[in-house]
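# Summary of the model geometry
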Amino acid sequence: MKLWKLAGTTAAMALCAGQAAFAVTPEEVWQAWQDASASYGQTVTAESQAREGDALVVTGLTVASDAGDEAAGESASSRVTIPEMRFVDQGDGSVRVTLSDSYQISVTSRAVPPDAAAGAEPVSETIVLDVSHPGLEVTATGAVGAMNYAFTAPTLSVALNSIDGTPAAEAGSTVKVDLTGMEGTYAITGTEARTIESDARAATLALDIGATDAATGASSAVRVTMADITARSSTATGTAPDLTDMAAALRGGFATTVAVGHGRTEFSVDATDPSGPTTVRGTATDGGLDIVMNAGSLTYGGRTNGLSATLSGAGLPVPEVTLGYEETAFNLAIPVSKSDAPAPFAFLARVTGLTVSDAVWSLFDPTAQLPRDPITLIVDLAGTATSASDLFAPAAPAEAGTPVQIDSLEVRQAQLRAIGAEVNATGALTFDNADLTTFQGMPAPTGTITIDASGINGVLDRLTAIGLLPEDQVAGARMMLGMFAKPGEGPDTLTSVLEFRDGGFFANGMQLR
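Residues numbered from 1 in each chain as written. Predicted model: local features only at pLDDT ≥ 70, side-chain atom pairs only at ≥ 80, totals over all residues. Heavy atoms only, no water.

### Some thoughts on the overall build of the chain
Convention followed: Starting at the N terminus, helices and strands are each numbered in turn, a helix being any DSSP run of H or I of at least four residues and a strand any DSSP run of E of at least two. Radius of gyration here is computed from C-alpha atoms only, and the compact-globule reference equals 2.2 Å multiplied by the residue count raised to the power 0.38. Any residue under 20% of the maximum accessible area for its type is buried, any over 50% is exposed, and the rest in between are partly exposed; the area is computed with a 1.4 Å probe on protein chains only. The contact rule is simple, with two residues in contact once any of their heavy atoms fall within 4.5 Å. Using the Shrake-Rupley algorithm and a 1.4 Å probe, accessible areas are obtained, with residue cover drawn only from the displayed protein chains. Charged-residue counts in this description rest on Lys and Arg as positive and Asp and Glu as negative, His and the chain ends being excluded. Lys charges are placed at NZ, Arg charges at CZ, Asp charges at CG and Glu charges at CD.
A tally of helices and strands in the chain yields six helices and 28 strands. Taking 513 residues into account, the globule formula puts the C-alpha radius of gyration at 24 Å, and the chain, at 30 Å, lies well above it. For the chain, the spread of C-alpha atoms along the principal axes amounts to about 95 × 70 × 60 Å. Taking all 513 residues of the chain together, the buried fraction comes to 31%. By sequence separation, contacts in the chain at least 24 residues apart represent 56% of the contacts at least 6 residues apart. As displayed, the chain has an accessible area near 27,900 Å², and 60% of this comes from carbon and sulfur atoms. Mean positive and mean negative side-chain charge positions of the chain (26 and 59 charges, respectively) differ by 7 Å.

See below:
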């Protein structure tokens, strides 16, 4: 019995010690928020802060930030004004944070218009946004230097209030974003160099954008709705987290990874001008966006699946256009920092299963001579490049030489499949950037590109039959094909091996240069 009592007492003491080690107070959470804002170059002020029982009440909160170069005439500033925040001690080591249900954000930008005369003064514009999130709650746990937050919000709305003091409705502008069913977590660790991890979800998102021109009567309304939105991110602030100087921030260790996804999407556009109305309706199955940025590279990619859309309008040559595709995807990865050594890059553009309505095909092929199978286009490249400057460095006077030189290029896949023909290419090249003479200003390449094609002659025959290509042009095209390609193994197939070596250019072993 004494042994069990001792074990029970020890467990209770351990539990209490654990709660004490991972407990935060309202003052600590409030200070952590101020420190995090300051680390991003923001200024936080409050009219008052005082204890009311278990709650720390902060009133008249303002968060201000400034960016840009005043001397260059380009700058932006924002002010967020929140009437009240409450940090409530829950008695279990956690703190519940609530904000006023609504508040405003003011954003002012100053810039010289792109079409202004030399020496023109910057033009300033201020927009005010209304933010509303009744029922938003945030719960903070953990300890100083390692805080975790969990939040829920039944709804969140951001709407354009005014432009330069003129109410949005009078200015003929409407912008509003509504989210429902929001929940998520984020964690902040560290006090100087911080790591921030977040994971958020929303059941639905609705975006409405409208504009009206009182002088002409033209108007437009765009609406986009999405379901099942997810957003995940991981950020290391590094030792220089002032994001107004991104080049310095990256050198100081700033790095971020962001992944955004969404489910079914519906969109519509209704526009009217003196020529008549235009209408667009469409849906997509799902999609997403991915961003990775660090001192070495920037990667930016996105995708949309299962799109279907219809377009109608007085200015179209047919009453209605329908189009769709199975997938579109893009990806770009580039070096961002100056370096004497080659760094990897990549580029991807992919459209698969693209279809358009027969009404469009009939505009140039009324007798349906050309196959109307879904179209596919893929360009997938990789390689290495040497950057002579930081991508995010402030603009500097132009220097002699190329800011980025391509050192190598790999054609992972290049494919076009359309109107009964298909072309595929793969290969790899390296470039001698010291030799700009052999190929008249282009770095001298070394390597091989292999191209395989099918159905080309059949397409040329059909284009001639429907009158899109004159016979003499087709004859010239066939002559060029004969120079660069040879017959493949199957009917109506061609193959070509293009080789760069010893300063020369060869096609299927025949030197053309």
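Now, onward.
### Quick notes on the pairing of strand β8 (residues 137-143)
Going by this rule: Two strands qualify as a pair provided that DSSP identifies no fewer than 2 bridges between them.
Here strand β5 (residues 95-99) runs beside β8; their pairing, made up of three bridges, is antiparallel. Within β8, the residue paired with Val95 across the bridge is Ala140. Bridge analysis of β8 against strand β9 (residues 146-163) gives seven bridges, and the strand direction is antiparallel. Residue pairing for β9: Glu137 is matched across the bridge by Thr152. Connecting β8 to the antiparallel partner β9 that follows it, the hairpin turn spans two residues, and Gly145 within it adopts a positive phi of roughly 90 degrees.

### Considerations on empty space enclosed by the protein
Rules: Think of a 1 Å grid over the protein atoms and nothing else: a 1.4 Å probe that fits but is trapped marks a cavity, an open set flanked by protein within 12 Å on at least five of seven lines marks a pocket, and residues with an atom within 4 Å of a point count as lining. Grid points are joined across faces, edges and corners, and a volume is the space filled by probe spheres set on the points.
Under the definition given, this model contains one cavity of 30 Å³ or more. Space inside the largest cavity adds up to approximately 40 Å³. Lining the largest cavity are Ala247, Leu250, Arg251, Val336, Ser337, Asp390, Leu391 and Phe392.

### Quick look at the packing of aromatic side chains
The geometry of two aromatic rings is summed up by the distance between their centres and the angle between their planes. Rules: Between 30 and 60 degrees the pair is tilted, below 30 it is stacked and above 60 it is edge-to-face, where a pair is any two Phe, Tyr or Trp rings, Trp via its six-membered ring, whose centres lie within 6.5 Å.
The full count for this structure, using the stated rule, is 10 aromatic pairs. Between Trp30 and Phe87, the ring centres sit 5.7 Å apart and the planes meet at 50 degrees, which makes this aromatic pair tilted. With Trp30 in helix α2 (residues 26-39) and Phe87 in strand β4 (residues 74-89), the pair connects residues that are 57 residues apart, well separated along the chain. Like Phe87, Trp30 is buried. Relative to Phe364, the ring of Trp361 lies with its centre 5.6 Å away and its plane at 50 degrees, an arrangement referred to as tilted.

### So, unusual backbone geometry
In this model, Ala368 sits at a positive phi of 55 degrees, which is unusual for a non-glycine residue. Note on placement: Ala368 falls in the loop between α4 (358-364) and β21 (375-387). Even without glycine at this site, Asp502 takes up a positive phi of about 55 degrees. Structurally, Asp502 can be placed in the loop between β26 (493-501) and β27 (504-507).

### Considerations on the confidence of the model for the chain
For clarity, the threshold we go by: Known as pLDDT, the predictor's per-residue confidence is scaled from 0 to 100.
Overall, the predicted model of the chain reaches an average pLDDT of 88, with 92% of residues at or above 70. Note on residues 1-21: pLDDT under 50 across the span, and one contact to partners over four residues away in sequence or across chains.

### A closer look at the side chain of Thr98
The topology assignment puts Thr98 in strand β5. Leaving out residues up to four positions away in the same chain, Thr98 has contacts with Glu84, Met85, Arg86, Leu136 and Glu137.

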